[in-house]
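Descriptive analysis of the structure
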Amino acid sequence: MTELLQLPLFWASMTIAAFVGGQQIYRLSGNSPWLPPILSSVTLLVGVLLITGTPYSTYMQGGSLLHVMLGPVIVMLAVPLYQYLHTMRRHWRRIALAIACGSATTIAVAVALTYWWIGDIPLSRTIATKTITTPVAVAVSEQVGGLAAMASAFVIVTGILGGLMAPPLLKLARRDQPHTVGLTLGICAHAIGTSRALELGQQQAAYAALAMTLTATLHALLLPSLLPWLI
Amino acid sequence: MPGLLILLACLIAGHLLNFLFALPVPAAILGMLILLAVLIVLGKTPAVLQHTTATLSPLLPLFLIPVSTGIVTQGDIIAEYGPTLLAILIISLIPGILVCGWIMGKGKLHD
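Within each chain, residue numbers correspond to sequence positions counted from 1 in written order. As they are written, the chains are lettered A onward and the ligands numbered 1 onward, keeping that order. Thresholds applied to this predicted model are a pLDDT of at least 70 for local features of residues and 80 or more for the giving and counting of side-chain atom pairs; totals over whole chains, interfaces and linings are not thresholded and use all residues. Hydrogens are left out, water is left out, and the side-chain values use all remaining heavy atoms of the structure.

**Some points on the overall build of chain B**
Just so we agree on the cut-off: Think of it this way: any DSSP run of H or I at least four residues long counts as a helix, any run of E at least two long counts as a strand, and we number them from the N terminus. In this treatment the radius of gyration is a C-alpha quantity, and the globule benchmark scales as 2.2 Å times the residue count to the 0.38 power. The contact criterion used throughout is that any non-hydrogen atoms of two residues lie within 4.5 Å. To be clear on the numbers: accessible area is Shrake-Rupley with a 1.4 Å probe, and residue cover counts the displayed protein chains and nothing else.
When its secondary structure is counted, chain B shows five helices and zero strands. Scaling as 2.2 N^0.38, a compact globule of 111 residues should have a C-alpha radius of gyration of about 13 Å, whereas chain B reaches 20 Å, well beyond that. Within chain B, contacts between residues separated by at least 24 positions form 38% of all contacts whose residues are at least 6 apart in sequence. If you sum the accessible surface of chain B, you get close to 5600 Å²; carbon and sulfur atoms cover 76% of it.

**Regarding the confidence of the model for chain B**
All names here are of chain B. Spelled out, the test is: As a per-residue measure, pLDDT tells how confident the predictor is, with possible values from 0 to 100.
Taken residue by residue, chain B gives an average pLDDT of 87. The fraction at 70 or more is 95%. Mean pLDDT per element in chain B: helix H4 (residues 60–68) is the minimum at 85, and helix H1 (residues 2–21) is the maximum at 93. The ipTM for the predicted assembly is 0.85, set against a pTM of 0.78.

**Points about the UniProt feature "transmembrane region" (unreviewed entry) in chain A**
All names here are of chain A. The condition is simple: UniProt positions are given in the numbering used here, feature names are shortened, and annotations may be inferred rather than shown by experiment.
In this structure's numbering, the residues bearing the UniProt feature "transmembrane region" (unreviewed entry) are residues 6–26, 38–59, 65–85, 97–118, 144–166 and 205–227. Secondary structure content for residues 65–85 is 81% helix and 0% strand, while the C-alpha to C-alpha distance between its ends is 33 Å. Its end C-alpha atoms 28 Å apart, residues 144–166 is made of 83% helix and 0% strand.

**A few points about helix H1 (residues 8–28) of chain A**
Each turn of an α-helix holds 3.6 residues, which means side chains three or four residues apart point in the same direction. Defined as follows: Expected span of a helix: the number of residues minus one, times 1.5 Å. Partly exposed describes any residue whose relative accessible area lies between the buried limit of under 20% and the exposed limit of over 50%, with all areas from a 1.4 Å probe on protein chains only and scaled to the type maximum. Think of the arc as the fan of directions from the helix axis to the C-beta atoms.
Taking 1.5 Å per residue as the helical rise, H1 of chain A with its 21 residues ought to reach 30 Å, and the 30 Å between its terminal C-alpha atoms agrees with that figure. Those residues of H1 of chain A lying buried are Trp11, Ala12, Thr15, Ala18, Phe19, Gly22 and Tyr26 of chain A. For H1 of chain A, the angular spread of buried residues about the axis comes to 115 degrees, placing them on one side. Away from the buried face of H1 of chain A by more than 90 degrees, exposed residues Leu9, Arg27 and Leu28 of chain A are located. Against the buried residues of H1 of chain A lie helix H2 (37–52), helix H3 (56–67) and helix H11 (178–200) of chain A together with H4 of chain B. Where H1 of chain A terminates, the next one or two residues include Gly30 of chain A, which has phi positive at roughly 70 degrees.

**A few points about the environment of Pro228 of chain A**
Residues and elements named next belong to chain A. Its location among the elements puts Pro228 in helix H12 (residues 202–230). Owing to a relative accessible area of 43%, Pro228 belongs among the partly exposed residues under this scheme. Apart from the residues within four sequence positions on either side, Pro228 is in contact with Arg125 and Leu223.

**What to know about the interface of chain A and chain B**
The condition that has to hold: Put simply, buried area is the surface a 1.4 Å probe can reach on two separate parts but cannot reach once they are joined, added for both. Salt bridge, as used here, is a side-chain nitrogen of Lys or Arg placed within 4 Å of a carboxyl oxygen of Asp or Glu. Distance and chemistry together define a polar contact, namely a pair of N or O atoms within 3.5 Å, with one atom able to donate a hydrogen and the other to accept it when in protein, and with adjacent residues in sequence counting only for side-chain atoms on both sides. When residue character is reported, Ala, Val, Leu, Ile, Met, Phe, Trp, Tyr, Cys and Pro are called nonpolar, Asp, Glu, Lys and Arg charged, and the others, Gly included, polar.
Listed by partner, the interface residues are 85 residues for chain A and 73 residues for chain B. Roughly 7300 Å² of surface becomes buried between chain A and chain B when both sides are summed, with 84% attributable to carbon and sulfur atoms. When residues of chain A are sorted by the area they lose upon contact with chain B, Val75, Tyr82 and Arg94 of chain A head the list and together hold 10% of the total. Where chain A meets chain B, there are zero salt bridges. Where chain A packs against chain B, one counts seven residue pairs in polar contact (both at pLDDT 80 or more). When its residues are assigned to classes, the side of chain A that touches chain B shows 58 nonpolar, 23 polar and four charged.

**Details of the packing of aromatic side chains**
All names here are of chain A. The condition that has to hold: Any two of the Phe, Tyr and Trp rings considered here, Trp counted by its six-membered ring, make a pair once their centres fall within 6.5 Å; the pair's planes then place it as stacked at under 30 degrees, edge-to-face at over 60, or tilted in between.
Applying the stated criterion across every chain yields a total of three aromatic pairs over all chains. Arranged with centres 5.1 Å apart and planes meeting at 75 degrees, the rings of Phe10 and Trp11 form a pair that is edge-to-face. Centre to centre, the rings of Trp11 and Tyr59 are 6.0 Å apart; their planes meet at 75 degrees, and the pair counts as edge-to-face. You can see Trp11 sitting in helix H1 and its partner Tyr59 sitting in helix H3, a full 48 residues away along the chain. Owing to a relative accessible area of 0%, Trp11 belongs among the buried residues under this scheme. When its relative accessible area of 0% is taken as the criterion, Tyr59 is described as buried. Connected via pairs of aromatic rings, a cluster forms that spans Phe10, Trp11, Tyr56 and Tyr59.

**Considerations on unusual backbone geometry**
All names here are of chain A. The phi dihedral of Arg174 falls on the positive side, at around 55 degrees, and the residue is not glycine. Among the structural elements, Arg174 can be located in the loop between helix H10 (148–172) and H11. Positive phi is not limited to glycine here, since His190 has a value of about 35 degrees. Structurally, the position occupied by His190 is in helix H11. Look at His190 and you get buried, because its relative accessible area is 2%.

**Focus on the packing of helix H7 (residues 92–117) of chain A against helix H5 (residues 75–105) of chain B**
In plain terms, the rule: Interaxial angles span 0 to 180 degrees and are taken between N-to-C directions of axes, which are lines fitted to C-alpha atoms, for helices over the stretch in contact. Any angle that is under 35 degrees is reported as roughly parallel, and any over 145 degrees as roughly antiparallel; angles of 65 to 115 degrees are reported as roughly perpendicular and all others as oblique. A clockwise turn of the near helix away from the far one marks a right-handed crossing, whereas an anticlockwise turn of less than a right angle marks a left-handed crossing.
Packing of H7 of chain A against H5 of chain B leaves a shortest axis separation of 8 Å and a crossing angle of 160 degrees. If you check the angle between H7 of chain A and H5 of chain B, you find them roughly antiparallel. Seen from above, H7 of chain A lies across H5 of chain B with right-handed handedness. For the contact of H7 of chain A with H5 of chain B, a count of residues per class yields 18 nonpolar, eight polar and one charged.

**Let's talk about the domain arrangement of chain A**
All names here are of chain A. Rule in force here: Domain borders in the structure are assigned automatically or taken from a domain database.
As far as domains go, chain A holds domain 1 (1–54) and domain 2 (76–229). For domain 1 versus domain 2, the separation of C-alpha centres amounts to 26 Å. For the pair domain 1 and domain 2, the two sides together bury roughly 630 Å², of which 75% comes from carbon and sulfur. Our enumeration of links across domain 1 and domain 2 arrives at zero salt bridges. Across the domain 1-domain 2 interface, the total number found is one residue pair in polar contact (both at pLDDT 80 or more). If you tally residues by element for the side of domain 1 that touches domain 2, the top one is H2, at three residues. When its residues are assigned to classes, the side of domain 1 that touches domain 2 shows eight nonpolar, no polar and no charged.

Next up, the structure:
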């Protein structure tokens, strides 16, 4: 049994099992936006790791077998993006404005609140990377003197929360056209939001992929020079 | 499989650009921009790529699970500031989402 817990293939299988389990929970809940497969899957897997007392580094020897596919899947997002390029080209000014103002608003509020309530500067700088897709967020947070390990946690929690909150909030505000929902998911919830957008439809996915890419690029370029000047 | 090979070729090209120019943009994003440029030049999506996309899209959340599970390594900070940080993440999303919705929904779209 102990040998099994050291086996990378076992953890790769557990990850797939958690994914299948998460999808079942999602289906049984009637596709509830409060139970996205990623949330249930991660909760199941964290539970197994805690019960078996397996360190994350041991798990990741198997987890990395699946993690390696994240790269090609992000590249793949160019396909839906290309298909909706013509529609988007007509209102690129509005899209650029939404990306710049939307991401600036959510980050400014998060940084200000962390600074006021907790008063920890490295933590405040780390939370500024919360809307950037994980690999960039870690790099940027190292650059600005933040906590790289915590950056990925903020990004993931933001992704899950954004995926949960954006569609119902936009519906409440009567702004739930497919392109608005997709763009907002990409800006506020990066890759996890984009995977949520893929469930909603191709148009949403295209806008989410566009927004995620542009937000990550914009923030990777601006944050390292802006942050030390702000806090 | 040829579709996956195209994706990997773009990803490797992205890594190459990343190394050569020390860009702060991640390789996968650069690879995506390279593929987008290729598709624009071709003027259509090749059938093999269409097939790969249809196969891989539903699996995207699976590939996010390993990195998301890293939350187990953040015990100390979560124990001390967890609820406060969660509240901050929730509150800060609301104005962000509404600003996006407001800008995108304002006036008429020409399409």
